[in-house]
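A structural walkthrough
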Amino acid sequence: MPATQDALISVIGKATPRVDGALKVSGQAKYASDHHFPGMLYAVPVGSTIASGQIEKLDASAAEKMPGVRAVYHRQNIGKLFRVAMNPDFSSPAPGIIDEQRPPLEDDVIRYYGQYVALVVADTFEQAKAAADAVKVSYAPKDPNVDSALAAEKQPEVESQRGEAEKAFAEAPIKIDQTYVTPVETHNPIELHATVALWDGTSFTLYESTQAVVNHQVVMAQMLGLPKENVRVISRFLGSGFGGKLWPWTHCALAAAAARNLQRPVKLVVSRRMMFQTVGHRPRTQQRVRLGATADGKLTSLQHDYVNHTSILDDYKENCGEATAFQYSVPNLRVTAGLARRNVGTPTSMRGPGAVPGLFATESAMDELAVGLKMDPVELRLLNEPKIDEGLKLPFSSRHLKECFTTGMEKFGWSKRNPEPGSMKRDGLTLGWGMAGCSWIAARFPCQARVDFCDDGTARVCCGTQDIGTGTYTILAQVASEKAGIPVDKVEVVLGDTSLPPGPISGGSMVTASVVPAVIDATGKAIKALLGMATRIPASKFAGQKPDTLAFDNGWVHAKGEKAEGGVTFDALLKQGNFKAASGNGSSKGTFGTPEKPKFSMHSFGAQFVEVTWQPEIARLRVSRVVTVIDAGRIINPLAGRNQIEGAVVMGIGMALFEETAYDPRSGAPINSSLADYIVSTNADVPALEVHFLDYPDLELNELGARGIGEIGLAGVAAALTSAVHHATGIRIRELPVRIEKLLA
Ligand code: MOS
């Protein structure tokens with residue numbers, strides 16, 4: 001039954017528990033590797049044990065004879081795997097992107113540790129693993145280059161430039177010139193990467209742990225040499241991805257090729273150790289930041305020159321200058337980017353790619369400038385607030401960064417701060433207070449969606465985007481519920497399947513802004529279809545009337561100007577006419593990567609305030625408070641929104657204090673490649689987190705004014721935390737993570 005008029009309360013903006021929560025906590029939500037099929041085989045890749053060199057001989061004879069082994073694939077027998085065109089097309093929901101462009105097993109050259117050299121397929125996982133360990137590979141090794149000191153190998157690319165940055169810096173009375181370093185970080189979603197591949201003789205069905213089913217479909221179709229119609233990709237649930245599952249990795253093609261060769265379903269789960277080698281990471285960055293300012297704190301020059309490492313074959317750029325050109329007002333600016341090749345797997349997007357390490361550098365430099373000026377760091381930022389985006393020379397669609405700072409100051413109690421390092425104490429502990437600003441791009445990808453009103457009184461929302469754990473199922477149920485006047489629990493949301501209308505990648509924090517307008521459009525069209533049907537169903541009380549004399553409210557079709565309950569419920573109407581459903585197809589346009597010149601600079605903004613406690617006697621550093629204020633437009637679901645920011649802050653504490661993938665200089669292997677050795681934040685490391693949202697809908701982006709919130713919560717944490725560490729200890733940490741030994745100096 002549709003809701004009554006009285007029960008109709010606005011659901012957009014209301015804290016709404018996840019509609020998929022029960023499925024997850026009861027173990028019924030099926031992740032890629034949960035799929036089992038009769039006759040399914042298990043694949044285990046063999047990874048190279050050198051990081052640079054050449055395969056001399058690969059001997060699979062012992063492995064092939066082991067129990068249960070169906071095949072050992074290598075370069076000579078895997079069959080053809082094609083290259084991906086890599087002509088990213090953002091006018092389509094499926095841009096066609098892969099980060100590691102060399103198809104697996106294409107040649108015998110080894111360029112990183114763990115590079116797949118063979119694939120064993122057997123009846124059980126244990127048999128496949130045992131046989132993979134028995135594949136004998138001899139190599140002609142070379143010394144790997146995994147050096148951590150980075151220098152651009154080619155002339156750095158100038159990304160943004162205005163005025164005369166060099167000259168203004170030389171003339172500035174107050175200068176900061178420092179280099180900041182962020183280490184390799186490895187994505188560690190709880191769900192391992194996995195593929196379950198089915199081949200029916202003409203077509204593939206691929207169950208994938210992917211943040212982008214439609215991109216996965218076009219990429220795999222190219223690699224497997226099929227029309228995309230012959231590849232269906234399904235990802236109903238994702239145990240998170242953080243960017244590591246945005247684009248396909250080489251194991252996906254291997255699993256599919258094995259399924260086709262053997263005519264059997266094949267499951268391949270990438271081990272945690274292999275995930276440190278073959279499915280991307282955030283690359284190491286080295287960033288020189290030069291700031292020039294007047295004695296009263298006006299920025300006169302900003303130079304941001306950064307280098308990140310990339311793999312031997314692929315040019316992955318960590319876009320550290322993402323926020324630099326617009327965050328503050330400065331007449332003279334230059335941002336340059338360079339790459340340094342290393343024998344590592346290809347890097348990829350990791351939550352807040354570019355802006356997160358970039359803002360660590362630039363916001364740290366702002367804090368150093370404030371110290372140099374003997375000025376409050378918040379005041380310095382307020383003083384340098386720009387009127388427009390000075391990089392793009394465009395007005396901001398909606399920017400409330402100053403209010404983020406002032407609200408954060410007030411919530412945190414910043415006015416009580418004594419700027420003298422080590423001067424603040426509580427309960428025998430030294431306190432450190434630091435802060436930073438942050439931002440993240442707001443844009444839309446193109447999207448299609450369908451809404452069906454069904455004869456059982458439910459509505460169904462379909463879109464080929466996916467919910468990567470962020471709450472997309474829930475917000476789409478909220479939006480359809482509100483627009484149709486049907487309770488949230490009567491809305492079914494179906495995502496994560498290329499057989500659905502194509503939807504965007506779950507990347508760049510853009511899904512909400514992209515999908516919501518398409519669902520609103522589809523809901524409106526489904527209502528229009530319903531009203532038209534009402535006038536054509538012979539038994540309907542509205543038969544023969546004009547559709548535009550009718551209205552749809554709260555689940556009732558009724559005459560305009562009359563009470564909704566005086567009409568007919570949509571399910572009753574559909575039954576009268578013997579219709580299963582009334583459907584509407586909706587779409588919305590993208591704004592990202594389109595040729596049209598934008599009218600506005602669109603970003604979310606935020607401010608983060610961190611308190612640390614420091615006990616020099618026992619060298620103990622703890623984070624005791626984090627206050628985050630976010631200006632992300634309208635928040636559709638404050639519960640899921642807060643959860644996103646909290647998760648990002650937890651990750652930010654890990655970035656600042658713990659996370660670093662270390663490479664063995666002799667073998668080139670990532671050596672702390674397990675969750676025992678790669679340290680992430682645990683509950684014991686994280687205090688209660690305070691999150692506040694400003695509420696300024698950004699109506700230039702979409703009709704609800706909703707921007708994204710998945711990534712921004714990470715963007716200010718590391719700079720705020722290291723500034724707090726400086727305030728507590730007097731020691732400035734410019735290379736992450738903060739290690740206790742650096743504080744003992
Ligand atoms: Mo995000 S790093 O765009 O998945």
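Residues numbered from 1 in each chain as written. Predicted model: local features only at pLDDT ≥ 70, side-chain atom pairs only at ≥ 80, totals over all residues. Heavy atoms only, no water.

Next up on the list: the packing of aromatic side chains. Within this structure, the stated rule accounts for 20 aromatic pairs. Between Phe 237 and Tyr 473, the aromatic rings sit 5.6 Å apart at their centres with planes inclined by 40 degrees, giving tilted as the arrangement. Placement of the pair is Phe 237 in the loop between β11 (231-234) and α6 (250-262) and Tyr 473 in helix α12 (residues 472-484), with a sequence separation of 236 residues. The exposure class assigned to Tyr 473 is buried, which follows from its relative accessible area of 7%. For the ring pair Phe 326 and Phe 605, a centre distance of 6.4 Å and an interplane angle of 85 degrees mean the geometry is edge-to-face. Linking Phe 326 in helix α8 (residues 324-327) with Phe 605 in strand β25 (residues 603-615), this pair joins segments that are 279 residues apart in sequence. (Phe/Tyr/Trp six-rings, centres within 6.5 Å; stacked < 30°, edge-to-face > 60°. Helix = DSSP H or I, 4+ residues; strand = E, 2+ residues; numbered from the N terminus. Buried < 20%, exposed > 50% of the residue type's maximum accessible area, 1.4 Å probe, protein only.)

A few words on the nonpolar core. Soluble globular proteins: nonpolar side chains tend toward being buried together. Among the nonpolar cores identified, the biggest contains 88 residues, and Leu 291, Ile 653 and Leu 721 are the most heavily contacted of them. When residues of this core are assigned to their parent elements, the largest contribution, ten residues, is made by helix α9 (residues 355-373). Setting aside chain neighbours within four positions, we find Leu 721 in contact with Val 610, Val 612, Val 623, Ile 653, Ala 656 and Leu 657. Ala 477, Val 493, Ile 520 and Ala 522 belong to the second largest nonpolar core, which has 49 residues in total. (Core = buried A, V, L, I, M, F, W, Y, C linked by side-chain atoms within 4.5 Å. Contact = heavy atoms within 4.5 Å.)

Turning to unusual backbone geometry, a few remarks are in order. Put simply, Leu 736 and Pro 737 share a cis peptide bond, and its omega is -5 degrees. By the secondary structure assignment, Pro 737 is in the loop between α16 (717-729) and α17 (740-743). A positive phi is found at Ser 240, a non-glycine position, where the angle reads about 75 degrees. Tracing the backbone shows Ser 240 in the loop between β11 and α6.

For Gly 584, the location among the structural elements is in strand β24 (residues 581-588). It is 49 Å that separates the C-alpha atoms of Gly 584 and Lys 129, two residues lying 455 residues apart in sequence. Excluding residues that lie within four positions of it along the chain, Gly 584 makes contacts with Ala 449, Arg 450, Val 451, Ala 522, Lys 525 and Ala 526.

Attention now goes to the sheet that holds strand β23 (residues 568-569). The three strands lie next to each other as β21-β22-β23, forming an open sheet whose pairing is antiparallel. The open sheet has two edge strands, β21 (550-553) and β23, and neither has a second partner. Relative to strand β22 (residues 556-559), β21 runs antiparallel, the two sharing four bridges. Opposite Asp 553, over in β22, you have Trp 556 as the bridge partner. Lying over the sheet, helix α13 (residues 511-536) contacts β21 and β22, oriented at roughly 130 degrees with respect to β21. (Pairing = 2+ DSSP bridges. Axes fitted to C-alpha atoms, helices over the stretch in contact; angles between N-to-C directions.)

Take the packing of helix α15 (residues 638-657) against α16 next. Axis separation between α15 and α16 bottoms out at 8 Å; the angle between their running directions is 55 degrees. One way to sum up the angle between α15 and α16 is to call them oblique. Considering how the two elements wind past one another, α15 and α16 form a crossing that is right-handed. Judged by residue contacts, Val 649, Gly 652, Ile 653, Met 655, Ala 656 and Leu 657 of α15 engage Val 717, Ala 718 and Leu 721 from α16. Looking at side-chain class alone, the contact of α15 with α16 contains eight nonpolar, one polar and no charged residues. (Parallel < 35°, antiparallel > 145°, perpendicular 65-115°, else oblique. Left-handed = near helix turned anticlockwise from the far one by under 90°. Nonpolar A, V, L, I, M, F, W, Y, C, P; charged D, E, K, R; others polar.)

The next thing to look at is the packing of α12 against α13. In a packed pair of helices, the relevant descriptors are the angle between the two axes and the axis-to-axis distance. Relative to each other, α12 and α13 sit at 35 degrees, their axes nearing to 10 Å. Handedness of the crossing formed by α12 with α13: right-handed. Between α12, through Thr 472, Ile 475, Leu 476, Val 479, Ala 480, Lys 483 and Ala 484, and α13, the contact on the second element is made entirely by Val 511, Thr 512, Val 515, Val 516, Val 519, Ile 520, Thr 523 and Ile 527. Its residues assigned to classes, the contact of α12 with α13 comprises eleven nonpolar, three polar and one charged.

As a further point, take the domain arrangement of the chain. By the assigned domains, the chain splits into domain 1 (21-30 + 444-588), domain 2 (32-143 + 188-275) and domain 3 (354-361 + 371-442 + 596-744). In this structure, domain 1 and domain 2 have C-alpha centres spaced 37 Å apart. The junction of domain 1 with domain 2 conceals about 2000 Å² of combined surface from both sides, 58% of it contributed by carbon and sulfur atoms. Summed over the shared surface of domain 1 and domain 2, the number is two salt bridges. Two residues, Arg 232 and Asp 497, come together in a salt bridge whose shortest N-O distance is 2.5 Å. Taken together, domain 1 and domain 2 are joined by nine residue pairs in polar contact (both at pLDDT 80 or more). (Domains from an automatic or database assignment. Buried area = accessible area lost by both parts, 1.4 Å probe. Salt bridge = Lys/Arg side-chain N within 4 Å of Asp/Glu carboxyl O. Polar contact = N/O pair within 3.5 Å; in protein donor to acceptor, adjacent residues only side chain to side chain.)

Another point: the pattern of salt bridges. Within the structure shown, the criterion is met by 39 salt bridges. The salt bridge involving Lys 580 is made with Asp 455; its shortest N-O contact spans 2.9 Å. In this pair, Lys 580 is assigned in the loop between α14 (570-576) and β24 and Asp 455 in the loop between β18 (447-454) and β19 (459-463), connecting sequence segments 125 residues apart. Note that Glu 611 is salt-bridged to Arg 625, the shortest N-O span being 3.3 Å. Taken together, the residues span a long stretch of sequence, with Glu 611 in strand β25 and Arg 625 in strand β26 (residues 620-631) at a distance of 14 residues. Classification of Glu 611 by relative accessible area gives buried; the value is 0%. Classification of Arg 625 as partly exposed rests on a relative accessible area of 24%. Salt bridges linked by common partners bring Glu 166, Arg 290, Asp 305 and Arg 334 together as one network.

Assignment of secondary structure puts His 35 in the loop between α1 (21-25) and β1 (41-47). Residue His 35 is classed as buried on the basis of its relative accessible area, which comes to 10%. Among the polar contacts made by the side chain of His 35, one reaches the main-chain carbonyl oxygen of Tyr 31 at a distance of 3.2 Å. Contacts of His 35, omitting those with residues within four sequence positions, involve Lys 30, Met 40, Val 196, Tyr 207 and Lys 267.

Glancing now at the environment of Val 330. Structurally, Val 330 can be placed in the loop between α8 and β15 (332-341). Each C-alpha atom of the pair Val 330 and Ala 293 lies 9.2 Å from the other, and the pair is 37 residues apart in sequence. Apart from the residues within four sequence positions on either side, Val 330 is in contact with Arg 162, Leu 299, Thr 300, Ser 301, Leu 302 and Glu 390.

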